[in-house]
Amino acid sequence: MHKTTNFTKTVIGCSSNPNGYAQWFSEKNKTAFERVKSAQQRSIFENNQDIYVRIEDVPDALIKTPLQRAIQILKRHRDVRFINHEFPWPISMIITTLAAQFNNGDGDVYAALSNIVDQLDTLGGLLQPGYKQNATLLQQDLIRRNDDGSWSILNLVSPEENFAD
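Residues numbered from 1 in each chain as written. Predicted model: local features only at pLDDT ≥ 70, side-chain atom pairs only at ≥ 80, totals over all residues. Heavy atoms only, no water.

### Digging into the packing of helix H1 (residues 18-47) against helix H2 (residues 66-81)
Alright, step 1. Where H1 meets H2, the axes come as close as 8 Å, and the angle between the chain directions of the two elements is 115°. For the pair H1 and H2, contact is made by Phe25, Asn29, Ala32 and Val36 and by Pro66, Leu67, Gln68 and Ile71, respectively. (Axes fitted to C-alpha atoms, helices over the stretch in contact; angles between N-to-C directions. Helix = DSSP H or I, 4+ residues; strand = E, 2+ residues; numbered from the N terminus. Contact = heavy atoms within 4.5 Å.)

Quick look at the structure:
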C-alpha cells in the first residue's frame, strides 16, 4: 500500500513528500531559527550541564522558534476546542502549512501567534455564502473552497496532495 520513491510516498492514490515538506518548513523558519539559536542553546546548556559537555552539544532539535511555539499553541487549541466534537479535527498538516505560510518571521511568540490568527480570521470569509476567493490566497494557491463545497488545501511541495481530503 505504501510505495516510496525518491523521498516521495504514494499512499492510496495521493503523493506526499515529507522530506521536501520538512525542507520547505525549515526554509520558512530559517531566519527566526538563526536568531534564537544561540540564546536557547546557552539556556539549555546552562540548565543541563550534567547532560551536555559544551554548548555546541545541544541539538538543534531542542531549539524552538516563535513560529514553532505558535504552531504548538494552535494545535493545543485545536485539541481542546474539538474534544468530544462531532466534526473532524483540522489535521496538523493544515495548521502547520497555514501558520508557516502566514509567518512573517516575528521575533516573539505573541507576535507570531497574533499575526497567524489575524490571517486565519480572514479565511473565515470563505465560510460565508457567495464569498469570492481572496486574491492573495488565490495567488498563493493556498486554500480554496471548490464549487462543489469541498475544500482544497494543497501540499505546497506536492500540489497533487490535498490536506483537506
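### What to know about the side chain of Gln41
Alright, step 1. Relative to the assigned elements, Gln41 resides in helix H1.
Alright, step 2. At a separation of 3.2 Å, a polar atom in the side chain of Gln41 contacts the main-chain carbonyl oxygen of Val58.
Alright, step 3. If near-sequence neighbours (up to four positions away) are discounted, Gln41 is found in contact with Ile55, Glu56, Val58, Asp60 and Ile63. (Polar contact = N/O pair within 3.5 Å; in protein donor to acceptor, adjacent residues only side chain to side chain.)

### A few points about the layout of surface pockets
Gaps left between atoms are located by rolling a probe of water-molecule size over the structure's atoms.
Alright, step 1. Each pocket or cavity is described by its volume, and for the largest pocket that value is around 700 Å³.
Alright, step 2. Together, 20 residues line the largest pocket, and Pro90, Ile94, Leu98, Leu120 and Leu123 are the ones closest to its centre.
Alright, step 3. Elements that contribute at least two residues to the lining of the largest pocket include exactly H2, helix H3 (92-102), helix H4 (109-123) and strand S5 (151-155).
Alright, step 4. In the lining of the largest pocket, the residues fall into 15 nonpolar, two polar and three charged.
Alright, step 5. In this structure, the second largest pocket occupies an estimated 270 Å³ of space.
Alright, step 6. Counted by class, the lining of the second largest pocket contains nine nonpolar, no polar and one charged residues. (1 Å grid on protein atoms, 1.4 Å probe; cavity = no way out; pocket = protein on both sides within 12 Å on 5 of 7 lines; lining within 4 Å. Points joined across faces, edges and corners; volume = space filled by probe spheres on them. Nonpolar A, V, L, I, M, F, W, Y, C, P; charged D, E, K, R; others polar.)

### Some details on unusual backbone geometry
Alright, step 1. Positive phi outside glycine occurs at Asn84, with the angle close to 55°.
Alright, step 2. Positionally, Asn84 belongs in the loop between H2 and H3.
Alright, step 3. With a relative accessible area of 80%, Asn84 lands in the exposed category. (Buried < 20%, exposed > 50% of the residue type's maximum accessible area, 1.4 Å probe, protein only.)

### Focus: the sheet that holds strand S4 (residues 143-145)
Alright, step 1. Taken together, the three strands give an open sheet; going across it, the order is S4-S5-S6, and neighbouring strands pair in antiparallel fashion. Of all strands in the sheet, those with a lone pairing partner are S4 and strand S6 (158-162), marking the two edges. Here the average twist between neighbouring strands, direction ignored, is 30°.
Alright, step 2. Pairing between S5 and S6: two bridges, direction antiparallel. Its bridge partner being in S6, Leu154 is matched across the sheet by Asn162. (Pairing = 2+ DSSP bridges.)

### A word on H4
Alright, step 1. When the terminal C-alpha atoms of H4 are compared, their 21 Å separation across 15 residues agrees well with the 21 Å that a helix rising 1.5 Å per residue should span.
Alright, step 2. Restricting attention to buried positions, one finds in H4 the residues Ala112, Leu113, Asn115, Ile116 and Leu123. Taken down its axis, H4 places every buried residue within 165° of arc, on the same side. Away from its buried face, by an angle of more than 90 degrees, H4 presents the exposed residues Tyr110 and Asp121.
Alright, step 3. Its side-chain oxygen 3.1 Å from the backbone nitrogen of Tyr110, Asp108 forms the N-cap of H4. (Expected span 1.5 Å × (residues − 1). Arc of directions from axis to C-beta.)

### Quick notes on the packing of H3 against H4
Alright, step 1. One can describe the packing of H3 onto H4 by two numbers: an axis separation of 9 Å at closest approach and a directional angle of 110°. Relative to H4, H3 is oriented roughly perpendicular. You can see that H3 and H4 cross each other, and the crossing is right-handed. Listed contacts from H4 to Leu98, Ala99 and Phe102 of H3 are Asn115, Ile116, Gln119, Leu120 and Leu123.
Alright, step 2. Here the contact of H3 with H4 is composed, by residue class, of six nonpolar, two polar and no charged. (Parallel < 35°, antiparallel > 145°, perpendicular 65-115°, else oblique. Left-handed = near helix turned anticlockwise from the far one by under 90°.)

### Quick word on the pattern of salt bridges
Alright, step 1. Inspection of every chain in the model, using the stated rule, returns three salt bridges.
Alright, step 2. The salt bridge involving Lys37 is made with Asp60; its shortest N-O contact spans 3.3 Å. In this pair, Lys37 is assigned in helix H1 and Asp60 in the loop between H1 and H2, connecting sequence segments 23 residues apart.
Alright, step 3. Note that Asp79 is salt-bridged to Arg78, the shortest N-O span being 2.8 Å. (Salt bridge = Lys/Arg side-chain N within 4 Å of Asp/Glu carboxyl O.)

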